[in-house]
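One-letter residues, chain by chain:
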Amino acid sequence: MIHVNIAPRKLFFILSLLVLPVVIKAEQQGLEEQLRKVIANKKAQIGIAVIINGKDTITINNDERYPMMSVFKLHQALAVADYCEKKGLSFDTPIYIRKADLKTDTYSPLRDLYPNGEISLPIKKLLEYTLHLSDNNACDILFQQTGGTEATDNYIRTNLGMRHFAIKATEDEMHQDKNKCYQNWSTPLETTKVIELLLTTRLFDEQYQGFIKETMISCQTGKDRLPLPLKGTKAIIGHKTGTGDRNNKGQIIGMNDVGFVYLPDGQRYTIAVFIKDSEESDVETARIIADISEKVYQQVTTNRHEENHP
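Thresholds applied
- The written sequence of each chain sets the order in which its residues are numbered from 1.
- It should be noted that, the model being predicted, local features are given only for residues of pLDDT at least 70 and side-chain atom pairs only at 80 or more, the latter also being counted only at that level, while totals for whole chains, interfaces and linings use all residues.
- Excluding hydrogens and water, the side-chain figures rest on all heavy atoms present in the structure.
- Put simply, a patch holds well-exposed residues, over 30% relative accessible area, that have no salt bridge, with like charges counted together within 9 Å and Val, Leu, Ile, Met, Phe, Trp or Tyr side chains within 5 Å.
- All accessible-area figures derive from a Shrake-Rupley calculation using a 1.4 Å probe, and residue coverage is judged against the displayed protein chains alone.
- A pairing counts as a salt bridge when a side-chain nitrogen of Lys or Arg comes within 4 Å of a carboxyl oxygen of Asp or Glu.
- Secondary structure counts use DSSP, requiring at least four H or I residues in a row for a helix and at least two E residues in a row for a strand, with both numbered from the N terminus.
- Only protein chains enter the accessibility calculation, which uses a 1.4 Å probe. A residue is then buried if its area is under 20% of the maximum for its type, exposed if over 50%, and partly exposed in between.
- Within 6.5 Å between ring centres, the rings of Phe, Tyr and Trp (the latter by its six-membered ring) count as paired, and their orientation is classed by plane angle as stacked under 30 degrees, edge-to-face over 60, tilted in between.
- Strands were regarded as paired on the criterion that DSSP finds at least two bridges between them.
- Fitting a line to C-alpha atoms yields each axis, with helices limited to the stretch in contact; the angle taken between N-to-C directions then spans 0 to 180 degrees.
- In the analysis that follows, any N or O atom pair within 3.5 Å is treated as a polar contact, provided that within protein one partner can donate a hydrogen and the other can accept it, and provided that, for residues neighboring in sequence, both atoms belong to side chains.
- In this analysis, the expected span of each helix is defined as 1.5 Å times one less than the number of residues it contains.
- Every residue pair with non-hydrogen atoms within 4.5 Å of one another is taken to be in contact.
- Lining residues are defined by having an atom within 4 Å of a point belonging to a cavity or pocket. Those points lie on a 1 Å grid over the protein atoms alone, cavities being sets where a 1.4 Å probe fits but cannot get out and pockets being open sets with protein on both sides within 12 Å along at least five of seven lines.
- Grid points are joined across faces, edges and corners, and a volume is the space filled by probe spheres set on the points.

(A) Looking closely at a nonpolar patch on the surface. Residues I217, I236 and Y262 make up a contiguous nonpolar surface patch of about 220 Å² in total accessible area. Tracing the sequence through the fold places Y262 in strand 9 (residues 252-262). Judged by relative accessible area, which is 31%, Y262 ranks as partly exposed.

Okay, structure coming up:
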């Protein structure tokens, strides 16, 4: 029998998330109706989860398994932080990168900058490549150093108590066989729960946890997705995207964006939008995510304004 030693306070937070109620209020029902209108008649399977201020929860099409694509790099980052803390390693610890580690047939700004490899980079730089730029080679190098996909899956499953997800394939394995993209999956709500824990619970030392949150805030990918309607506002968004190729049917395997939003008035929300097997164009699929983000932002800010001005 495996005994997991979790601090009482952390355990309380985890258990509270596992039984997080779906609160039905008039404003939540209104938002759900708006979101269903956004995704109506779209040629794709679309799943949405939103947790507002850590409690009010909305889910749409949450029973499906959605390919995470590079969203799983967030899960990996948490597992890497846990690995480093247990091993007594800082994020400044260098990792040696061979030329053989830099696959040429995958998306990798790291390889583009260091095509010949044979260099050492700190763990935090590899995490910046995975979280900022969604670098596939950096992701698999971190898997090699920290126990592979099995270790990441086990950390999320055992330490965070999640069940409605799986992480089984590396980036290279997904590239070699597109069907393996479907082996790395999550429900939208399960991913928002992971983000809630990152925001509210001490998972590991702040040097690791704070770095991950700040790196999500400075994410460079998917600016046409969740961040688009927040541009020009004072909202702060941290997020992680995931984008797949098209499958044999010509469908986008997955296009996703998940993250958290802090508003100037003290409110916050976490959000996950997963789009599976989309027959829409790349631009239109990203636009669906942006439209969902806009509806959530408008609803949350409007509710607070109405509360303050009855």
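(B) Main features of the packing of aromatic side chains. Across all of its chains, the model carries six aromatic pairs by this definition. Taken together, a centroid distance of 6.0 Å and an interplanar angle of 25° make the contact between Y66 and F274 stacked. Linking Y66 in strand 3 (residues 66-67) with F274 in strand 10 (residues 268-278), this pair joins segments that are 208 residues apart in sequence. For Y66, a relative accessible area of 0% translates into the label buried. Residue class for F274 comes out buried when judged on its relative accessible area of 0%. Where F260 meets Y262, the ring centres are 5.6 Å apart and the plane angle is 65°; that geometry is what we call edge-to-face. Every member of this aromatic cluster is reached through a ring pair, and the members are F91, F204, Y208 and F211.

(C) Representation of unusual backbone geometry in the model. Positive phi is not limited to glycine here, since N53 has a value of about 55°. Along the chain, N53 turns up in the loop between strand 1 (45-52) and strand 2 (56-60). The class for N53 is partly exposed, based on a relative accessible area of 30%. Even without a glycine there, the phi angle at N61 is positive, about 55°. Within the secondary structure, N61 is located in the loop between strand 2 and strand 3.

(D) Summary view of the sheet that holds strand 2. Here five strands make up an open sheet; going across it, the order is 2-1-10-9-8 and the pairing antiparallel. A single partner strand is all that each edge strand has here, and the edge strands are strand 2 and strand 8 (236-243). Adjacent strand axes in the sheet meet at a mean angle of 5°, parallel and antiparallel pairs treated alike. Examined bridge by bridge, strand 9 and strand 10 share 10 bridges and lie antiparallel to one another. Each bridged residue has a counterpart across the sheet, and for Y262 the counterpart in strand 10 is R268.

(E) Representation of the side chain of K276. Turning to its location among the elements, K276 is positioned in strand 10. Only 3.2 Å separates the side chain of K276 from the backbone oxygen of R65, close enough to count as a polar contact.

(F) Looking closely at helix 7 (residues 148-159). Its 12 residues place the ends of helix 7 16 Å apart at the C-alpha level, agreeing with the 16 Å of an ideal helix rising 1.5 Å per residue. The complete set of buried residues in helix 7 reads G148, T149, T152, D153, Y155 and I156. Buried residues belonging to helix 7 abut helix 3 (72-87), helix 6 (136-146), strand 6 (165-166) and helix 9 (188-200).

(G) A look at the sheet that holds strand 3. Overall, antiparallel pairing links the three strands, which are arranged 3-7-6 in an open sheet. With one partner strand each, in any of the chains shown, strand 3 and strand 6 form the two edges of the open sheet.

(H) Summary view of the pattern of salt bridges. Scanning the model with the defined rule gives 17 salt bridges in all. One salt bridge connects E190 with K193, and the closest N-O pair in it is separated by 3.9 Å. Pair noted here: E190 and K193 are both in helix 9, with a separation of three residues, about one helical turn. The two residues E190 and K193 agree in class, both being buried.

(I) The arrangement of helix 6 in detail. Judged by how many residues are buried, helix 6 sits mostly within the fold: nine of 11 residues are covered. N136, N137, A138, C139, D140, I141, L142, F143 and T146 are the residues of helix 6 that are buried. Of the surrounding elements, those touching the buried residues of helix 6 are helix 3, strand 4 (94-97), helix 4 (109-113), helix 5 (123-133), helix 7 and helix 8 (171-176). Where helix 6 begins, the side chain of D135 points an oxygen toward the backbone nitrogen of N137, at a separation of 3.0 Å.

(J) Representation of the layout of surface pockets. Its volume calculated, the largest pocket comes out at about 410 Å³. Lining the largest pocket are 24 residues; nearest its centre among them are S70, Y107, N136, E171 and T243. At the level of secondary structure, the elements contributing two or more residues to the lining of the largest pocket comprise helix 8 and strand 8. Broken down by element, the lining of the largest pocket gets its largest block of residues, four residues, from strand 8.

The values are spatial; any link to function lies outside them.
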